[in-house]
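What follows is the residue order along each chain.
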Amino acid sequence: MPVNLLDFDAAGLAAYVESIGEKSFRARQLLRWIHQRGADRFETMSDLAKSLRAKLQDSAAISAPAVVRDTESADGTRKWLLDVGAGNAIETVYIPEDDRGTLCVSTQAGCAVNCRFCSTGKQGFSRNLRTAEIIGQLWWAEHLLRRERTNPLEDDRVISNVVLMGMGEPLQNYEPVLGALRLMLDDNAYGLSRRRVTLSTAGMVPQMDRLAQDCPVALAVSLHAPNDHLRDELVPLNRKYPLRELLGACRRYLRHAPRDFITFEYVMLDGINDADAHARELVALVQDVSCKFNLIPFNPFPGSGLRSSSPERMRVFAQILSDAAIVTTVRKTRGEDIDAACGQLAGEVRDRTRVRERARSLPPLVVAR
């Protein structure tokens with residue numbers, strides 16, 4: 001089997017190049033060809049010696065997941081369904097805005113965290129993605145969108161921000177995600193700022209500490225509840241890493257973070273976690289953590305049994321946080337008509353965790369105001 005060069009960050013590619021008898025500096029040239037120019041054929045790499053191109057042709061490949069379906073929303077959001085083999089497909093979403101282009105990438109085929117409000121978790125879990133399958137989403141989207149531009153001479157990057165908020169819990173797939181992050185930040189690849197790459201986690205505390213040392217990027221924490229009792233129900237991972245441990249990890253991460261705050265994501269569920277009392281609990285919970293809140297309207301999916309909080313309830317909830325000097329925004333829903341909004345990504349997953357069977361035994365969520 002050929003070696004897929006999308007699996008290598010700079011250090012890995014240098015080691016591979018040396019293993020086939022070439023100088024390590026060739027890795028920088030390869031990175032630029034692959035990631036900056038979008039090359040997928042070695043014969044086009046004109047500044048490489050013919051002998052090296054021949055070696056690469058025999059032993060290597062540049063292969064991203066194949067596109068199964070390309071869907072565009074009325075608001076310009078675009079979603080790709082990508083085949084990752086063995087009956088699994090993942091979803092990647094591009095969100096264009098006036099001042100940025102954001103790509104939401106997946107890190108697993110499915111998700112084992114199984115948050116109650118997330119469509120991805122209800123599909124179950126099949127496997128972790130390789131680095132090539134993670135960075136391949138950015139590689140494909142960036143160069144496809146460049147080719148589609150009306151001005152073919154324009155070579156500025158299309159994707160200015162990447163969020164690891166698609167299918168999966170990134171920190172449960174640590175090493176491949178780390179390799180992809182390093183490529184996103186590498187000046188010979190995508191050259192993104194650490195402030196423009198955001199990793200979202202449900203609270204994998206040991207891996208948060210590792211990431212702070214290995215590759216600190218902007219961090220978003222899926223909080224969704226102000227106390228352990230409720231968060232245990234909404235985010236089952238809380239039973240392993242409760243709020244006290246999670247908030248401690250957030251404080252430690254801030255010592256290394258590229259931004260001076262953690263973003264707390266909070267999906268707004270009608271009658272579940274949206275009462276004034278919950279907002280006041282949140283204020284007390286995060287009082288010594290530099291943070292901002294991103295309130296997310298719940299995006300429905302079949303069988304969830306949940307509803308989004310009303311716009312007025314979200315406004316009041318946000319005001320309580322704002323009055324406590326916590327920067328608070330309400331996320332604008334994008335791509336809902338193509339199931340590309342937050343919490344709606346599902347793809348196609350050959351579930352190995354029997355999550356659908358276990359879900360039938362869960363009681364409905366009812367929390368008194």
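In case you missed it, the structure is sitting above this.
Here the structure is a predicted model, which means the values were calculated and not measured. (Residues numbered from 1 in each chain as written. Predicted model: local features only at pLDDT ≥ 70, side-chain atom pairs only at ≥ 80, totals over all residues. Heavy atoms only, no water.)

(A) Structural context of unusual backbone geometry. Although it is not a glycine, Asn 114 adopts a positive phi angle of roughly 60 degrees. A positive phi is found at Ala 325, a non-glycine position, where the angle reads about 65 degrees. Within the secondary structure, Ala 325 is located in the loop between α11 (311-323) and β14 (327-330). (Helix = DSSP H or I, 4+ residues; strand = E, 2+ residues; numbered from the N terminus.)

(B) Summary view of the pattern of salt bridges. Here the structure, examined in full by the defined rule, presents 17 salt bridges. For Arg 78, the salt bridge goes to Asp 70, with nearest N and O atoms at 2.8 Å. Residue Asp 70 is classed as partly exposed on the basis of its relative accessible area of 40%. Note that Lys 79 is salt-bridged to Glu 91, the shortest N-O span being 3.2 Å. Placement of Lys 79 in strand β4 (residues 78-85) and of Glu 91 in strand β5 (residues 88-97) is noted, with a sequence separation of twelve residues between them. Accessibility classification places Lys 79 together with Glu 91 in one group, the buried group. (Salt bridge = Lys/Arg side-chain N within 4 Å of Asp/Glu carboxyl O. Buried < 20%, exposed > 50% of the residue type's maximum accessible area, 1.4 Å probe, protein only.)

(C) A look at the packing of aromatic side chains. Tallied over the full model, the rule gives five aromatic pairs. Ring geometry for Phe 264 and Phe 293: centres 5.5 Å apart, planes at 45 degrees, overall tilted. Remark: Phe 293 occurs in strand β13 (residues 291-297) and Phe 264 occurs in strand β12 (residues 262-268); sequence separation between them is 29 residues. Across this residue pair, the class does not change: Phe 264 and Phe 293 are buried. (Phe/Tyr/Trp six-rings, centres within 6.5 Å; stacked < 30°, edge-to-face > 60°.)

(D) Highlighting the pairing of strand β11 (residues 218-222). β11 sits mainly inside the fold: five of its five residues count as buried. Here β11 shows no split at all, with Ala 218, Ala 220 and Ser 222 on one side and Leu 219 and Val 221 on the other all buried. Note: strand β10 (residues 197-201) against β11, four bridges, orientation parallel. Opposite Thr 198, over in β11, you have Ala 218 as the bridge partner. As a crossover connection, the stretch from β10 through helix α7 (residues 205-214) into β11 is right-handed. With three bridges connecting them, β11 and β12 associate as parallel partners. Bridged to Ser 222 within β12 is Glu 265. (Pairing = 2+ DSSP bridges. Right-handed = clockwise from strand over helix to strand, strands pointing away.)

(E) Region of the structure containing helix α2 (residues 26-36). Here α2 lies mainly inside the structure; eight of its eleven residues are buried. When we look at burial in α2, the residues that qualify are Arg 26, Ala 27, Gln 29, Leu 30, Leu 31, Trp 33, Ile 34 and His 35. Backbone geometry just downstream of α2 places Gly 38 in the positive-phi region, at approximately 75 degrees.

(F) Focus on the sheet that holds strand β3 (residues 66-72). With mixed pairing, ten strands are arranged side by side in an open sheet as β3-β4-β5-β6-β9-β10-β11-β12-β13-β14. Each edge of the open sheet carries a strand with a single partner, namely β3 and β14. Here the strands of the sheet are splayed against their neighbours by 20 degrees on average, with no regard to which way each runs. Pairing of β4 with β5, which is carried by seven bridges, proceeds in the antiparallel orientation. If you follow Leu 82 over to β5, its bridge partner there is Ile 90. Packed onto the sheet, helix α9 (residues 243-254) meets β11 and β12 and runs at close to 145 degrees relative to β12. (Axes fitted to C-alpha atoms, helices over the stretch in contact; angles between N-to-C directions. Contact = heavy atoms within 4.5 Å.)

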